[in-house]
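Structural description and commentary
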Amino acid sequence: MADAHLSPNGPQQVIEAGDYRAVISGVGAGLRGLSHRGRPLVVKYPEEVQPPGGAGQLLIPWPNRVRDGRYRFDGEDRQLDLSEPATGNASHGFTRWLPWRVVAEDAGQGSAYVRYGLRLYPMHGYPHILELTAHYELSEAGLTVEIAARNVGDKVAPYGLGAHPYLTLGRGPGSVGEARLEVPADIWLPVDDRKIPTGARESVDGTPYDFRKPRVLGATELDTACTGLTRDADGLARVRLTDPESGRGVELWLGAGLDWVQLYTGDTLPGGYRRAGIAVEPMSCPPNAFATGEDVLAIEPGARVAHRFGISAL
């Protein structure tokens, strides 16, 4: 007899510290909710619903899309499964639908964390073994996420990382146009009708994609990769979504090695999720990177790579 309490998102972990509360799902080790004093900072979805539009998911070992699922690495032609049949692309890696396990957790004074682990065995078109960890930590400064990968196989492994949180002011569907967006990116990538970059790099000057100075999003529709990030003195690049009147909102910061950000206004999402927030996706490489090789990391056997990003209230 089926367990009536079995969630499609797996076991849920709640961590709290200061005025912050986060909910992380066992399936995909994804961020299902984050709030500050009860105010939502990311679009949350019910436990019994699969993540709408990839909300909160981790995208490993590549973010975004690979055209036709084909790429060449280490002198070998490879074919990934086409997980986006409508466009004929391989999309968002493997791990967002796999069950991760909790390997450590702690709720100390002023902070709390949970760490997930997953051993990714060879998949179609990816003959590698990665030991992955996803560390979520809350403090009075907000949420910090560190994603690490160690190559425990015997071949050099191509690797890229992305994450898919939807920042929100918590005002419901259709409301993201009321928010002010700030993105410190100089370059955007044009794409074809399959959402694959054409190979051009364009300046954001004079385009709808220029948010270097914060401005109200309005009716602008985004499903756009950007780079050329300006970083602050601490080495972090910061994307902000705020209320134009009060200045309150949410900030996502990108650490070293996360030099790309995908912006998506959720125009194709269903019902209550449509334009309820904006996906601000930190990425270590651009769309179609496995095919082009751009910014793809080659992890040697035994080597480890790690990336960090975070979200906090404004």
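Residues numbered from 1 in each chain as written. Predicted model: local features only at pLDDT ≥ 70, side-chain atom pairs only at ≥ 80, totals over all residues. Heavy atoms only, no water.

Brief notes about the sheet that holds strand β2 (residues 20-25)
Consider a sheet: its strands pair through backbone hydrogen bonds, and that pairing is either parallel or antiparallel. This is how the line gets drawn: Only strands joined by at least two bridges in the DSSP assignment are considered to pair. Only DSSP runs of H or I covering at least 4 residues are called helices, and only runs of E covering at least 2 are called strands; the numbering of each starts at the N terminus.
Within the open sheet, the four strands sit side by side as β1-β2-β3-β4. Their pairing is antiparallel. Both outer strands of the open sheet, β1 (12-17) and β4 (39-40), are each paired with one neighbouring strand and no more. With six bridges joining them, β1 and β2 adopt antiparallel strand pairing. Among the inter-strand pairings, Q13 is bridged to a residue of β2, identified as I24.

Remarks on the pattern of salt bridges
Our working rule: Any carboxyl oxygen of Asp or Glu that lies within 4 Å of a side-chain nitrogen of Lys or Arg is treated as forming a salt bridge with it.
Throughout the structure, instances matching the rule amount to 23 salt bridges. The residue E251 makes a salt bridge to R238 at a minimum N-O spacing of 3.3 Å. Here R238 lies in strand β22 (residues 237-242) and E251 lies in strand β23 (residues 249-254), a separation of 13 residues in the sequence. A single network of salt bridges, built from pairs that share partners, joins E182, D232, D234, R238, R240 and E251.

Some words on the environment of L229
Formally: Relative accessibility decides the category of a residue: with a 1.4 Å probe and only protein chains considered, values under 20% of the type maximum give buried, values over 50% give exposed, and everything between is partly exposed. Any pair of residues with heavy atoms lying within 4.5 Å of one another is described as a contacting pair.
Here L229 is to be found in strand β21 (residues 223-229). Overall, L229 belongs to the buried group, its relative accessible area being 17%. Aside from chain neighbours lying at most four places away, what touches L229 is P184, A185, A237, L254, L258, D259, W260 and V261.

Observations concerning the sheet that holds strand β20 (residues 215-216)
Read from one edge to the other, the open sheet built from nine strands follows the order β10-β11-β12-β13-β27-β23-β22-β17-β20, with strand pairing classed as antiparallel. The open sheet terminates on both sides in strands that have one partner only, identified here as β10 (101-108) and β20.

Examining the nonpolar core
Formally: Put simply, buried Ala, Val, Leu, Ile, Met, Phe, Trp, Tyr and Cys residues joined by side-chain atoms within 4.5 Å make one nonpolar core.
Ranked by internal contacts, the top residues of the largest apolar core, which has 70 residues, are L31, L34, L132, Y136, Y159 and L181. By size, the runner-up hydrophobic cluster in this structure holds eight residues, among which are V43, A55, Y166 and L269.

Description of the packing of aromatic side chains
How two aromatic rings sit relative to each other is given by the distance of their centres and the angle of their planes. Put simply, the rule reads: Ring geometry is summarised as follows: Phe, Tyr and Trp rings, the Trp one being its six-membered ring, pair when their centres sit within 6.5 Å, and such pairs are stacked at plane angles under 30 degrees, edge-to-face over 60 and tilted between the two.
Enumeration over the complete set of coordinates arrives at seven aromatic pairs. Among the aromatic side chains, those forming a connected cluster through ring pairs are W62, Y71, F94, Y126 and F290.

Quick look at unusual backbone geometry
Look at the link from I60 to P61: it is a cis peptide, with omega at 5°. Mapped onto the elements, P61 comes out in the loop between β5 (58-59) and β6 (65-67). The phi dihedral of A29 is positive, around 50°, even though this residue is not glycine. Within the secondary structure layout, A29 lies in the loop between β2 and β3 (31-36). The phi torsion at R275 lies on the positive side, around 50°, for a residue other than glycine. Relative to the assigned elements, R275 resides in the loop between β24 (260-264) and β25 (278-283).

Describing the state of the cysteines
Counted only if it meets this: Disulfides are defined as cysteine sulfur pairs within 2.5 Å.
Counted under the stated rule, the structure contains zero disulfides. Take C285: it sits in no disulfide, and the sulfur closest to it among the cysteines is that of C226, at 15 Å.

A short note on the side chain of H307
Within the element layout of this structure, H307 appears in strand β27 (residues 304-313). Using a relative accessible area of 6% as the deciding quantity, one classes H307 as buried. Apart from residues lying up to four places away in sequence, H307 is in contact with V145, E146, I147, Y159, L161, A256, G257, L258, S284 and L297.

Remarks on the environment of S7
Basically, it comes down to this: Nitrogen and oxygen atoms within 3.5 Å of one another constitute a polar contact, given that in protein one can donate a hydrogen and the other can accept it, and given that sequence-neighbouring residues count only through two side-chain atoms.
When you line up the elements, S7 lands in the segment before β1. A residue is classified by how much of its surface remains accessible, and S7, at 14% relative accessible area, is buried. Residues S7 and V27 lie 20 residues apart in sequence; the distance between their C-alpha atoms is 9.4 Å. Of the polar contacts made by the side chain of S7, one reaches the backbone nitrogen of N9; its length is 3.0 Å.

A look at the pairing of β24
Across the five residues of β24, five count as buried, placing the element largely inside the fold. Side chains of β24 alternate between two faces, with W260, Q262 and Y264 and V261 and L263 buried alike. Where β21 meets β24, four bridges bridge the pair, whose relative direction is antiparallel. Bridge assignment links D223 to a residue of β24, and that residue is Y264. Looking at chain direction, β24 and β25 are connected through five bridges and run antiparallel. Bridged to W260 within β25 is M283.

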